[in-house]
Amino acid sequence: MSQLNRFVDLDRYPIHRLKHDEGRSLVSKCRQEIAGNSFCALPGFILPEALAQLSREAVSMENIARRLDYPVTLYSWMDNSGFPEDHPRSALLKRRCGAITADQFAGDSQCRALYECDEITDFVRSLLGYDTLYRSADPAISLRMNVMGTGDIFDWHFDTNDGAVSLLLQCADRGGVFEYAPLIRSEADENYAAVSAIVNGLAEPRRAEMPPGTFMLFMGRRSLHRVSAVGATRNLRHSLLFSYDRRPGMTFPEETRRRLTEPSGAPYRGALTPG
């Protein structure tokens with residue numbers, strides 16, 4: 001069993017025993033949560049001592065985070081030209097944060113070791129109901145950490161695929177809350193009126209305030225979501241993002257990689273509020 005027992009509370013979340021009753025029960029419970037709410041969140045997934053180690057590593061890397069600050073569309077995988085200015089397909093929203101990519105993690109990184117646990121990959125595969133699942137081979141985006149400080153926001157968007165995996169390591173003092181509208185669109189019905197209402201503040205999204213150490217699998221292609229603006233904070237928000245694919249050797253488009261590894265503007269400096 002790899003290094004899994006150093007990281008994960010296996011008594012609470014027996015992801016190493018998926019073929020046994022306790023493992024099947026966990027997967028069934030998580031799938032029910034995903035079906036009803038678009039995600040499953042597992043608080044306390046990471047053991048306290050391991051969480052402290054991961055958090056120390058994250059803090060030590062804050063000064064190498066690259067600054068991201070650019071507009072994004074809600075539907076990044078679609079051609080959004082030709083829509084009226086007030087249409088949600090024309091909306092441009094803010095993506096402002098720091099990013100640390102896989103190439104910046106050391107070979108002995110604890111964050112990397114966690115991502116490379118085969119049992120976690122197999123757990124995600126089971127939750128998604130796939131026959132096969134592989135960690136991404138992308139040299140930059142397979143493993144990523146988002147870093148958010150005062151004034152940062154990861155605004156409304158849909159993901160390009162379902163099954164986004166994240167692990168929250170540290171919360172900001174204010175703001176930085178995960179907000180979402182579950183299963184608001186389908187491939188047959190874009191439900192533009194409801195999407196527009198959320199984006200324009202005319203309808204209330206749901207909010208999931210999660211403690212550090214929470215593992216989350218989110219169906220982001222069909223569910224509108226964001227991380228809200230971070231207020232005055234002395235602690236940066238750290239979240240790890242794990243990338244997978246049903247095909248071995250998957251890499252992201254060069255444009256996507258370049259946007260994360262060669263962002264415009266100054267290096268990210270943390271945007272901390274003194275005090």
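Anyway, here's the lowdown on the structure attached to this text. Note that the structure is predicted; figures quoted are calculated from it, not measured.

**Remarks on the overall build of the protein**
- Scanning the protein from N- to C-terminus turns up 7 helices and 13 strands.
- Computed over the C-alpha atoms, the radius of gyration of the protein is 18 Å, within 12% of the 19 Å expected from 2.2 N^0.38 for a compact globule of 275 residues.
- Out of the 275 residues in the protein, the part that is buried amounts to 53%.
- Excluding contacts between residues fewer than 6 apart, the proportion of contacts in the protein whose partners are at least 24 apart in sequence is 86%.
- Accessible area for the protein stands at about 12,900 Å²; split by element, carbon and sulfur atoms hold 48% of it.
- Of the charged side chains in the protein, 33 are positive and 35 negative; the average position of the first set lies 1 Å away from that of the second.

**Things to note about the nonpolar core**
- The biggest cluster of nonpolar side chains holds 49 residues, and the ones touching the most others in it are Ile15, Phe45, Ile120, Phe123 and Phe215.
- For this core, the element with the most residues is helix α5 (residues 118-128), which contributes 5 residues.
- Ignoring sequence-local partners within four residues, the contact set of Phe45 consists of Phe7, Val8, Asp9, Tyr13, Ile15, Ile120, Phe123, Gly213 and Phe215.
- Counting 13 residues, the second-largest nonpolar core is a separate cluster that includes Leu68, Tyr70, Ala140 and Ile141.

**Concerning the environment of Gly151**
- Inspection of the secondary structure assignment puts Gly151 in the loop between β5 (143-148) and β6 (153-157).
- The spatial distance from the C-alpha of Gly151 to the C-alpha of Leu4 is 36 Å, given a sequence separation of 147 residues.
- Apart from residues no more than four positions distant in its own chain, Gly151 is found in contact with Arg96 and Val230.

**So, the layout of surface pockets**
- Considering only enclosed or pocket space, the second largest pocket measures out at about 150 Å³ in volume.
- Residue lining of the second largest pocket: Ile15, His16, Leu18, Lys19, Arg24, Val27, Glu119, Asp122, Arg125 and Ser126, and that is the complete set.
- Looking at the lining of the second largest pocket residue by residue, the classes come out as 3 nonpolar, 2 polar and 5 charged.

Reading the values: rules and limits
Residues numbered from 1 in each chain as written. Predicted model: local features only at pLDDT ≥ 70, side-chain atom pairs only at ≥ 80, totals over all residues. Heavy atoms only, no water. Helix = DSSP H or I, 4+ residues; strand = E, 2+ residues; numbered from the N terminus. Rg over C-alpha atoms; globule rule 2.2 N^0.38 Å. Buried < 20%, exposed > 50% of the residue type's maximum accessible area, 1.4 Å probe, protein only. Contact = heavy atoms within 4.5 Å. Areas by Shrake-Rupley, 256 points an atom, 1.4 Å probe, with all protein chains shown as cover. Lys, Arg positive; Asp, Glu negative; His and termini not counted. Charge placed at Lys NZ, Arg CZ, Asp CG, Glu CD. Core = buried A, V, L, I, M, F, W, Y, C linked by side-chain atoms within 4.5 Å. 1 Å grid on protein atoms, 1.4 Å probe; cavity = no way out; pocket = protein on both sides within 12 Å on 5 of 7 lines; lining within 4 Å. Points joined across faces, edges and corners; volume = space filled by probe spheres on them. Nonpolar A, V, L, I, M, F, W, Y, C, P; charged D, E, K, R; others polar.

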